[in-house]
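Summary of structural features
Now for the letters of each chain:
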Amino acid sequence: MNTNEEMLQFLYKSASMSVDTTARVIAKTHDARLRRELNEQKDGYRRFADDAVKGLKSHGLTPQDNPLMTKLMTNVGISVNTMIDSTPSHIAEIMINGTNMGVLKMNKHLNRNKDISEETNKLCRELIDFQKNSATKLEAYLA
């Protein structure tokens, strides 16, 4: 697998994990306005995952899912965090922290993999912009 394909796999894993995580958080969210915002973000992440799948398939590759242990640890973390505090402010904080971690990881991958196609680079940069914008929107819920 070349660098471009590795970046598409990473982008797919990041976006699909964000879809799954956001869906789990939505299930724990009681504030209707925050639920709407999170649903919009989930839909955005789904579009990025779909775009990564298209890119991978164009190279004859199948998207690789995140490891089961990673998914389980994330789900447990969400359950514990929301069991303790499920206020809109805390939900927003959880999502902002996760989103910021996603931005950092994507930037690290981009810095290590400079030899990628312009199209893949653009898609990764668009995901970063989407994540930053998503975190900014959630700041309105912090108290």
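First, a word on scope: everything that follows refers to the structure included in this document. Only a predicted model underlies this, so the values are computations on that prediction, with no experimental measurement involved.

**A look at the overall build of the chain**
Tallying secondary structure elements over the chain gives 5 helices and 0 strands in all. Traced from its N-terminal end to its C-terminal end, the chain shows the element sequence α-α-α-α-α. Here the C-alpha atoms of the chain give a radius of gyration of 15 Å, agreeing with the 15 Å that 2.2 N^0.38 yields for 143 residues. Judged by the C-alpha coordinates and their principal axes, the chain covers about 45 × 30 × 25 Å. Of all intrachain contacts in the chain linking residues separated by at least 6 positions in sequence, the fraction that spans at least 24 positions is 80%. Taken as a whole, the chain presents about 8,100 Å² of accessible surface, with 52% of it coming from carbon and sulfur. Taking the 20 positively charged and 18 negatively charged side chains of the chain as two groups, their mean positions are separated by 3 Å.

**Brief notes about the side chain of T99**
Along the chain, T99 turns up in helix α4 (residues 88-112). When near neighbours in sequence (up to four residues on either side) are disregarded, T99 contacts Y45, Q131 and A135.

**A word on the pattern of salt bridges**
For the structure on display, the rule yields 2 salt bridges. In this structure, the salt-bridge partner of K54 is D51, at a minimum N-O distance of 4.0 Å. Taken together, the positions of K54 and D51, both in helix α2 (residues 32-58) and 3 residues apart, correspond to about one turn of that helix. Residue classification places K54 among the exposed positions, given a relative accessible area of 57%. The partner of E126 in a salt bridge is K122, with the nearest N and O atoms 2.8 Å apart. Of this pair, E126 and K122 both sit in helix α5 (residues 118-138), 4 residues apart, which is roughly one turn of the helix. Owing to a relative accessible area of 32%, E126 belongs among the partly exposed residues under this scheme.

**Quick look at α2**
An ideal rise of 1.5 Å per residue puts 39 Å on 27 residues; α2 measures up with 39 Å between its terminal C-alpha atoms. The backbone nitrogen of R33 has a side-chain oxygen 3.2 Å away, supplied by the residue at the start of α2, namely D31.

**Considerations on the packing of aromatic side chains**
Evaluated as defined, the whole model comprises 2 aromatic pairs. Judged by centre distance (5.0 Å) and plane angle (90°), the rings of Y45 and F130 are edge-to-face. One end of the pair, Y45, is in helix α2; the other, F130, is in helix α5, and 85 residues separate them in sequence. Both residues of the pair, Y45 and F130, belong to the buried class.

**Some points on the nonpolar core**
Of all hydrophobic cores here, the largest spans 22 residues; its most connected members are L11, M106, L110 and L127. Listing elements by their share of this core, those giving two or more residues are α1 (3-27), α2, α4 and α5. If one sorts the elements of this core by residue count, α1 sits on top with 7 residues. Sequence-distant contacts of M106, that is, excluding residues within four places in its chain, are made with M7, F10, L11, S14, C124, L127 and I128. Core analysis: the next-biggest nonpolar cluster, separate from the first, contains 12 residues, V25, L34, A92 and I96 among them.

**Points about the packing of α2 against α5**
At their nearest, the axes of α2 and α5 sit 11 Å apart, and the two run at 175° to each other. With respect to α5, the element α2 is oriented roughly antiparallel. Contact residues: L34, E37, L38, Q41, G44, Y45, F48, D51 and A52 in α2; L123, E126, L127, F130, Q131, S134, K137 and L138 in α5. Class assignment for the residues of the contact of α2 with α5 results in 9 nonpolar, 4 polar and 4 charged.

Basis of the calculations
- Residues numbered from 1 in each chain as written.
- Predicted model: local features only at pLDDT ≥ 70, side-chain atom pairs only at ≥ 80, totals over all residues.
- Heavy atoms only, no water.
- Helix = DSSP H or I, 4+ residues; strand = E, 2+ residues; numbered from the N terminus.
- Rg over C-alpha atoms; globule rule 2.2 N^0.38 Å.
- Contact = heavy atoms within 4.5 Å.
- Areas by Shrake-Rupley, 256 points an atom, 1.4 Å probe, with all protein chains shown as cover.
- Lys, Arg positive; Asp, Glu negative; His and termini not counted.
- Charge placed at Lys NZ, Arg CZ, Asp CG, Glu CD.
- Salt bridge = Lys/Arg side-chain N within 4 Å of Asp/Glu carboxyl O.
- Buried < 20%, exposed > 50% of the residue type's maximum accessible area, 1.4 Å probe, protein only.
- Expected span 1.5 Å × (residues − 1).
- Polar contact = N/O pair within 3.5 Å; in protein donor to acceptor, adjacent residues only side chain to side chain.
- Phe/Tyr/Trp six-rings, centres within 6.5 Å; stacked < 30°, edge-to-face > 60°.
- Core = buried A, V, L, I, M, F, W, Y, C linked by side-chain atoms within 4.5 Å.
- Axes fitted to C-alpha atoms, helices over the stretch in contact; angles between N-to-C directions.
- Parallel < 35°, antiparallel > 145°, perpendicular 65-115°, else oblique.
- Nonpolar A, V, L, I, M, F, W, Y, C, P; charged D, E, K, R; others polar.

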